[in-house]
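# Inside the fold
Each chain, written out:
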Amino acid sequence: MSNDILVIGSMNMDLVVQTPRAPKKGETIMGNKFSQIPGGKGANQALAAGKLGGEVNFIGCCGQDAFGDELLESLKTGGVNIDDVLRVEGSSGVANITIEDDGDNRIIVVAGANSKVTPEVIESFKAKIKAAKILLLQLEIPLESVSKAIEFANKYDTTVILDPAPAVKLPEELYSMIDYLLPNEGELDLLLEDYEVNTLQKKIELLLDLGVKRILLTQGGDGVTLYSKGKEESYAALKVEVVDTTAAGDSFAGAFAYGLQRGFDEAEAIRYANSVAALAVTKLGAQSSLPTKEEVDKFQK
Ligand code: ADP
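Residues numbered from 1 in each chain as written. Predicted model: local features only at pLDDT ≥ 70, side-chain atom pairs only at ≥ 80, totals over all residues. Heavy atoms only, no water.

Here the focus is the packing of helix H8 (residues 248-261) against helix H9 (residues 266-280). H9 packs onto H8 with a crossing angle of 145° between their chain directions and a minimal axis gap of 8 Å. As H8 runs across H9, the sense of the crossing is right-handed. Every residue of H9 that contacts H8 at Ala248, Ser251, Phe252, Ala255, Phe256, Tyr258, Gly259 and Leu260 is listed here: Glu266, Ala269, Ile270, Tyr272, Ala273, Asn274, Val276, Ala277 and Ala280. Across the contact of H8 with H9, the residue classes tally to 13 nonpolar, 3 polar and 1 charged. (Axes fitted to C-alpha atoms, helices over the stretch in contact; angles between N-to-C directions. Helix = DSSP H or I, 4+ residues; strand = E, 2+ residues; numbered from the N terminus. Left-handed = near helix turned anticlockwise from the far one by under 90°. Contact = heavy atoms within 4.5 Å. Nonpolar A, V, L, I, M, F, W, Y, C, P; charged D, E, K, R; others polar.)

In this section: the sheet that holds strand E7 (residues 93-100). A sheet is described by the order of its strands in space; here 4 strands give the open sequence E3-E2-E7-E8, paired in mixed fashion. Two strands lie at the open edges of the sheet, namely strand E3 (33-39) and strand E8 (105-110), each paired on one side alone. Pairwise comparison of adjacent strand axes, ignoring direction, gives a mean angle of 15° for this sheet. Examined bridge by bridge, strand E2 (residues 12-19) and E7 share 8 bridges and lie parallel to one another. Across the sheet, the residue bridging to Val16 is Ile97, located in E7. (Pairing = 2+ DSSP bridges.)

Our focus in this paragraph is the sheet that holds strand E12 (residues 214-218). The 8 strands are arranged E4-E1-E9-E10-E11-E12-E13-E14 in an open sheet whose pairing can be described as mixed. Two strands bound the open sheet, and with one partner strand each, they are strand E4 (56-59) and strand E14 (231-235).

It is worth spelling out helix H2 (residues 66-77) at this point. Between its first and last C-alpha, H2 extends 17 Å over 12 residues, near the 16 Å set by a 1.5 Å rise per residue. Every buried residue of H2 is listed here: Gly68, Leu71, Leu72, Ser74 and Leu75. Down the axis of H2, the buried set is contained in an arc of 155°. They therefore lie on one face. Projecting away from the buried face of H2 at angles above 90 degrees are the exposed residues Ala66, Lys76 and Thr77. Looking one or two places after H2, you find Gly79, whose phi comes out positive at around 85°. (Expected span 1.5 Å × (residues − 1). Buried < 20%, exposed > 50% of the residue type's maximum accessible area, 1.4 Å probe, protein only. Arc of directions from axis to C-beta.)

What follows covers the site of the ligand. Close to the ligand lie 16 residues, the nearest being Asn184, Thr218, Gly220, Gly249 and Asn274. One nitrogen or oxygen atom from the side chain of Asn184 is found 2.8 Å from an oxygen atom belonging to the ligand. A distance of 2.9 Å is found between an oxygen atom of the ligand and a backbone nitrogen or oxygen belonging to Gly220. Compared with its free state, where it exposes 560 Å², the ligand has 83% of that area covered by protein. Of the residues in the shell around the ligand, the class split is 8 nonpolar, 8 polar and no charged. (Near = heavy atom within 4 Å. Polar contact = N/O pair within 3.5 Å; in protein donor to acceptor, adjacent residues only side chain to side chain. Areas by Shrake-Rupley, 256 points an atom, 1.4 Å probe, with all protein chains shown as cover.)

Now for the packing of H9 against helix H10 (residues 293-300). Where H9 meets H10, the closest approach of the two axes is 10 Å, and the angle between their N-to-C directions is 105°. Classed by the angle they form, the pair H9 and H10 counts as roughly perpendicular. Across the interface between the two elements, Arg271, Tyr272, Ser275, Val276, Ala278 and Leu279 of H9 pack against Lys293, Glu295, Val296, Phe299 and Gln300 of H10. Among the residues making up the contact of H9 with H10, the classes are represented as 6 nonpolar, 2 polar and 3 charged. (Parallel < 35°, antiparallel > 145°, perpendicular 65-115°, else oblique.)

Below, the structure written as structure tokens:
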């Protein structure tokens, strides 16, 4: 087994419009600013770990378009190995994002090439899943592909970290194959919509009963809580001036995987990820907000 983090997931070009307010139906208004920023939960998490100095391999699909070129360049610049990214027909994934002056945002994601990360693609990369130390996944590629990747990882004893975002109901048998589940509070609710559990405590207990080994519930500015059978530990978020919380969860997930890869214990990895995510919310955008190892070291002093 190598010491690599393998991320299998999405890559999207984020088309970000900053605007005084959202237009009403049928209305045209003038916005303040446009930015084109590489994103996609998979690529963001891979880059978060890569910029910290982690050894990261990324598997995903992008188009043969200019967005695809830029998405790959961004990952490469952050030290992520992109040899296994497939360039497929059709457009790269895009996210249409509006950010209003009061901070509210609206996001439409078009999966594009991300939908081509099929179970067959996963099958063709099973040796990579076997070779990895950690498999880091999100839900912006087809759910059957995520399931298949988790099944392989389980068979090969590769540690599975799943950020269940955007949340959908998961096949119940998957839960027992997850080492770390990283939902935020909204995602936790969506995952368990079909179950009659109405308190946070009951939701956590249910997930642990279903076999999830550890849950890291991220709670924005309130930090994060780690749950496992008979154990609950809270970690405060760091106080920073918030500019844009895009990629807060992604930076946390990538940094946590990096911490485990480096051999940090769980508490250390969580504290480190809290620092990385705090820095990420002080800057605009997804990949543009991810800090380097040097920036994190300076921030922690
Ligand atoms: P998501 O982006 O998935 O919704 P959260 O909002 O829960 O995730 O944020 C993930 C992590 O980012 C938090 O656990 C925390 O470490 C960090 N974070 C988020 N918002 C803030 C904030 N306002 N101040 C400091 N850290 C933050």
